[in-house]
Amino acid sequence: MRIAVTGSIATDHLMTFPGRFADQLVADQLHTVSLSFLVDNLDVRRGGVAANICFGMGQLGTRPILVGAAGSDFDEYRAWLDRHGVDTSSVRISEVLHTARFVCTTDADHNQIGSFYTGAMSEARLIELKAVADRVGGLDLVSIGADDPEAMLRHTEECRARNIPFAADFSQQIARMDGDEIRTLLDGATYLFSNEYEKGLIESKTGWTDEEILARVGHRVTTLGSRGVRIESDGGTRIEVGCPEEEAKVDPTGVGDAFRAGFLSGLSWGVGLERAAQVGCMLATLVIETLGTQEYTLSRVHFMDRFTKAYGHEAAAEVQAHLP
């Protein structure tokens, strides 16, 4: 199964604040917030939702196709992704703009405040999926993640026009999109990804109820933080999968991307939705135990030991057959 993942390619600048953001906010002065947080450390990491997802899929051996735009400073990052099983040949390189950059501060309660510089990502709207499909011999699924909004709309419309199944995954871009844009991006999606908060925001902005949205998508996949994930389909089908026990909680950045990587890999293997969600939750657990979105190492033995403990021998036997 050939899966293309569209979305941001970025460098992450991750900082930690030893206090709580909530303690620094004055309730009656929120309209004039002016704050500076003295942080303890800075880690510069590779990131971007599409690159994070592709890295995870590459670790699982599913050879994803990364589709996005980066700057001329992408060479080292490209080599890293190539070494980890990602097809980067469809990445557009800007002649004038730097690769996008995400700057994020996490407090003691794991709340986050972040800013995102788009840079070369703005050129993603110039990418045509037909050229990608022609190069690899066709696409079975396109995951359309947070990206330049015009690119997201173009990819969605092209998938509909060419009858390519697609997954709608707005994540960080929900905040800047209006109801019409969100309705356009999700209508007809085979999968709709969001977390619980984004789920409510989608319903609020579109004016559609949960039932109306389910009638317009194949499956609605909602991540629930430490409680795992819920998958719903029109007609009442409902699957809930919990998370494996964490060995540590280091940093939540990239956990949602890791879940998607595992879930999409499961789809690529041809396993059922429940099993795919279990793979996603296992990979997400590895990421939350690591500082950085692509700094974890996937050891087959370690992965399967923990997966077996969380989901049992029958589930483990099915997944183990597909791991590289």
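Details of the structure are given in the entry above.
Every residue gets a number counted from 1 within its own chain, in the order that chain's sequence is written. With pLDDT at 70 or above as the cut-off, local features in this predicted model cover only qualifying residues; side-chain atom pairs require 80 or more to be listed or tallied, and sums for whole chains, interfaces and linings still use all residues. Remark: hydrogens and water are excluded; side-chain values derive from all non-hydrogen atoms of the structure.

A. Fine view of the environment of T285. In this structure, T285 sits in helix 9 (residues 273-288). With relative accessibility at 3%, the residue T285 sits in the buried group. Distance in space between the C-alpha atoms of T285 and G228 is 9.9 Å, their sequence separation being 57 residues. Two residues form a contact once any of their heavy atoms are found within 4.5 Å. When neighbours within four sequence positions are excluded, T285 is seen to be in contact with C243, P244, E245, E246 and R306. Secondary structure elements are defined from DSSP: runs of H or I of at least 4 residues count as helices, runs of E of at least 2 residues count as strands, and each element is numbered from the N terminus. Each residue's exposure class comes from its accessible area (1.4 Å probe, protein chains only) as a fraction of the maximum for that residue type: buried when under 20%, exposed when over 50%, partly exposed otherwise.

B. Main features of the layout of surface pockets. For cavity detection a 1 Å grid was placed over the protein atoms alone, and a set of points counts as a cavity when a 1.4 Å probe fits there but cannot get out; an open set counts as a pocket when protein lies on both sides within 12 Å along at least five of seven lines, with lining residues being those that have an atom within 4 Å of a point. Grid points are joined across faces, edges and corners, and a volume is the space filled by probe spheres set on the points. Taken as a whole, the second largest pocket encloses approximately 160 Å³ of empty space. Only strand 3 (41-47) and helix 2 (75-83) provide two or more residues apiece to the lining of the second largest pocket. Considering only residue class, the lining of the second largest pocket consists of 2 nonpolar, 2 polar and 4 charged. By the convention adopted, Pro, Cys, Tyr, Trp, Phe, Met, Ile, Leu, Val and Ala count as nonpolar, Lys, Arg, Asp and Glu as charged, and the other residues, Gly among them, as polar.

C. Here's a closer look at the pattern of salt bridges. By convention in these notes, a salt bridge is any Lys or Arg side-chain nitrogen within 4 Å of a carboxyl oxygen on Asp or Glu. In the structure shown here, the tally under the stated rule is 24 salt bridges. We note a salt bridge from D23 to R20, for which the minimum N-O separation is 2.7 Å. The partly exposed category is assigned to R20, whose relative accessible area is 34%. A salt bridge links E295 to R45; its shortest N-O distance comes to 3.4 Å. With E295 in the loop between helix 9 and helix 10 (300-311) and R45 in strand 3, this residue pair connects regions lying 250 residues apart in the sequence. Judged by its relative accessible area of 27%, E295 is partly exposed. Residues joined in a network through salt bridges with shared partners are D43, R45, R46 and E295.

D. View of the packing of helix 5 (residues 179-186) against helix 6 (residues 196-206). Under this scheme, a helix contributes an axis fitted over its contacting stretch, all axes are lines through C-alpha atoms, and angles between N-to-C directions fall in the 0 to 180 degree range. It is the contact of helix 5 with helix 6, at a shortest axis distance of 8 Å, that shows an interaxial angle of 115°. Viewed along their axes, helix 5 and helix 6 adopt a mutual orientation that is roughly perpendicular. In the packing of helix 5 onto helix 6, the handedness of the crossing is left-handed. Counting all contacts with helix 5, which are made through G179, I182, R183 and L186, the residues of helix 6 involved are I202, K205 and T206. Class assignment for the residues of the contact of helix 5 with helix 6 results in 3 nonpolar, 2 polar and 2 charged. Oblique is the label for any angle not covered by the other classes, which are roughly parallel (under 35 degrees), roughly antiparallel (over 145) and roughly perpendicular (65 to 115). Should the near helix be turned counterclockwise from the far one by less than a right angle, the crossing is left-handed, whereas a clockwise turn marks it as right-handed.

Everything listed here is a matter of geometry and, on its own, says nothing about what the molecule does.
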